[in-house]
Amino acid sequence: MTTPEKQVNPWVALVPVCVGFFLIMMDMTIVNVAIPSMLADLDADLNQMAWVNSVYLLTYAVPLLVSGRLGDRLGRKQMFQAGMVVFTAASLWCGAAGSAEMLIVARAAQGFGAAMMAPQTMALVTTLFPPHRIGAALGVWGAVAGLASAVGPLLGGFLVGSHGWEWIFLVNVPVGLAGLVMTVFLLPDNRQRVGRRFDALGTVLSGLGLLTLVFGLQNGQHYAWGSVAGPVTVPVILAAGVLLLIAFVVWQRRNTREPLMPLRLFRQRNFSAAVVAATCVGFAVTGMSLPIMLYLQSVMELSPQQAGALMLPAAVASGAAGPFAGMLSDRFGGKWVVLGGFLVFALGLVMIAAAMESGASTWCLGLALFVMGLGSGASFAPLAHVATSGVRPELMGAASGIYNQLRQVGCVVGSAAGGVLLQMRIAAELPGSETSAGSELAPSEAAPALHGGLADAVGSVLLLPVAVLLLGSAACLVMRSRPRVADTSAAGATTASTDEAEARTGTAEPSAGGR
């Protein structure tokens, strides 16, 4: 039962939600451009800087499932506010860090705050808006994600060049405080009164399983996929993670009280297909990032600021496509909108790979990046709509946690796979070179050959996310094609008749009045 709440304008309430989500997504991409400055100022090594990124992804990915379920139990507004406080305070801590070790710990706290907020953003959107407006609202939410990911390198380059690396974190503080104030006054308390039990065993199994799996994938390349400490190797860690997650799923099936991950959600075809597709999107987004930035800075010899600025067409296209795709999914259903977005996303990556030649035109790359941005923006928002269109309000946090967590696992796998394949292709294209170890390409008479080989290697690596996006397109074909809009009228009951079986399992969409 929902606690009483005053009527609010959902579009106004959406503002603090988008502010928090923007900060989360921007901090996944803004740090890379500052690494050279941090290396010098903190007297750190590359391994420590790798951990500055890895620890954020680790503490962000692992708690998502628990955080989503806590939002169902304790209140989404309450969890979102707490996450905003942790994230903002941790950002201030990052900016004040005087050593690499302190920065790593602060980034871990920042990732934990992001994990508290992320599932609540998606769940809040789907419960604040009536069913026929959810697609448009998720379009704005998805546009914010695409815009933040692309703005990160651009803003980071400007801040590092003009104020210093500390400001890529300190800029979050005033924005986070403003978002926190808006959350208090603009976001309604739509807390759900659900069961009082909490799945402690499920929390332990999922947390340990994801911790070991994400650690192994994210850091396997650093340890050369071999020994981490004595007999403990990366393959052993990955195997332990898989076994723990299998045990978690078995326990969720046996737990009939209040499981952390209600498996009945997967009986709904759209949710299952959307989760697979979201994992593929996460893979593609991180799998393409390193090759593209390496090409722009090492082959085209652009500065970090220039490379970030060249990503602007992708940001503009993603921001424009998201709301439009969301409105289309409201009207026609998400299946074909998502499928079109996946195919355009893949086309953009193919265009980028084809343009990657030494001395390639920035105009050609800009056009290809614009097409890629259109595809990513058109797929993100309607995909979330498809995933949540038939989920009951009291399970929305769990559904959002599952969706976001598997998308984030896709991000980790894509980053690891892209990095490994990139090293393999560079070794094949440039035998005997040291570029795979991260050495800077020295200007010499061999530079054109090095640039050409590196361009060929990077272009071939981009075909991996293309293949994964085509796999995601196949998942889209499994989705239901018609809109899933709940209606309590006789006509609505007729159109919903095909979903009666899912309603009996507890996953049918609630009426508009139950939101």
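Residues numbered from 1 in each chain as written. Predicted model: local features only at pLDDT ≥ 70, side-chain atom pairs only at ≥ 80, totals over all residues. Heavy atoms only, no water.

Observations regarding the overall build of the protein
Here comes step 1: The helix and strand tally for the protein stands at 21 helices and two strands.
Here comes step 2: When burial is assessed residue by residue, the protein has 56% of its 515 residues classed as buried.
Here comes step 3: Sequence-distant contacts in the protein: of pairs separated by 6 or more residues, those separated by 24 or more amount to 84%.
Here comes step 4: Taken as a whole, the protein presents about 20,400 Å² of accessible surface, with 67% of it coming from carbon and sulfur. (Helix = DSSP H or I, 4+ residues; strand = E, 2+ residues; numbered from the N terminus. Buried < 20%, exposed > 50% of the residue type's maximum accessible area, 1.4 Å probe, protein only. Contact = heavy atoms within 4.5 Å. Areas by Shrake-Rupley, 256 points an atom, 1.4 Å probe, with all protein chains shown as cover.)

Thoughts on the nonpolar core
Here comes step 1: With 137 residues, the main nonpolar core has Met38, Ile292, Tyr295, Leu296, Ile352 and Leu383 as its most contacted residues.
Here comes step 2: Setting aside residues no more than four positions away along its own chain, isoleucine 292 makes contact with Met311, Ile352, Met356, Leu369, Met372 and Leu462. (Core = buried A, V, L, I, M, F, W, Y, C linked by side-chain atoms within 4.5 Å.)

Brief notes about the packing of aromatic side chains
Here comes step 1: Under the defined criterion, the tally for this structure stands at six aromatic pairs.
Here comes step 2: Aromatic side chains tryptophan 11 and phenylalanine 129 sit 4.7 Å apart centroid to centroid with 75° between the ring planes, which places their arrangement in the edge-to-face category. Here tryptophan 11 is found in helix H1 (residues 10-26), whereas its partner phenylalanine 129 is found in the loop between helix H6 (100-128) and helix H7 (134-162), with 118 residues between them in sequence.
Here comes step 3: Look at phenylalanine 266 and phenylalanine 271: their rings are 5.4 Å apart centre to centre, the planes differ by 70°, and that puts the pair in the edge-to-face class.
Here comes step 4: By relative accessible area, phenylalanine 271 is classed as buried at 1%. (Phe/Tyr/Trp six-rings, centres within 6.5 Å; stacked < 30°, edge-to-face > 60°.)

Observations regarding the confidence of the model for the protein
Here comes step 1: Looking at the protein as a whole, the pLDDT averages 79, with 85% of positions reaching at least 70.
Here comes step 2: Long-range and interchain partners of residues 1-5, a stretch whose pLDDT sits below 50, account for 13 contacts in this model, where long-range means more than four residues apart.
Here comes step 3: Below a pLDDT of 50 lies the segment residues 434-446, which in the model reaches ten contacts outside its immediate sequence neighbourhood of four places, other chains included. (pLDDT = per-residue confidence, 0-100.)

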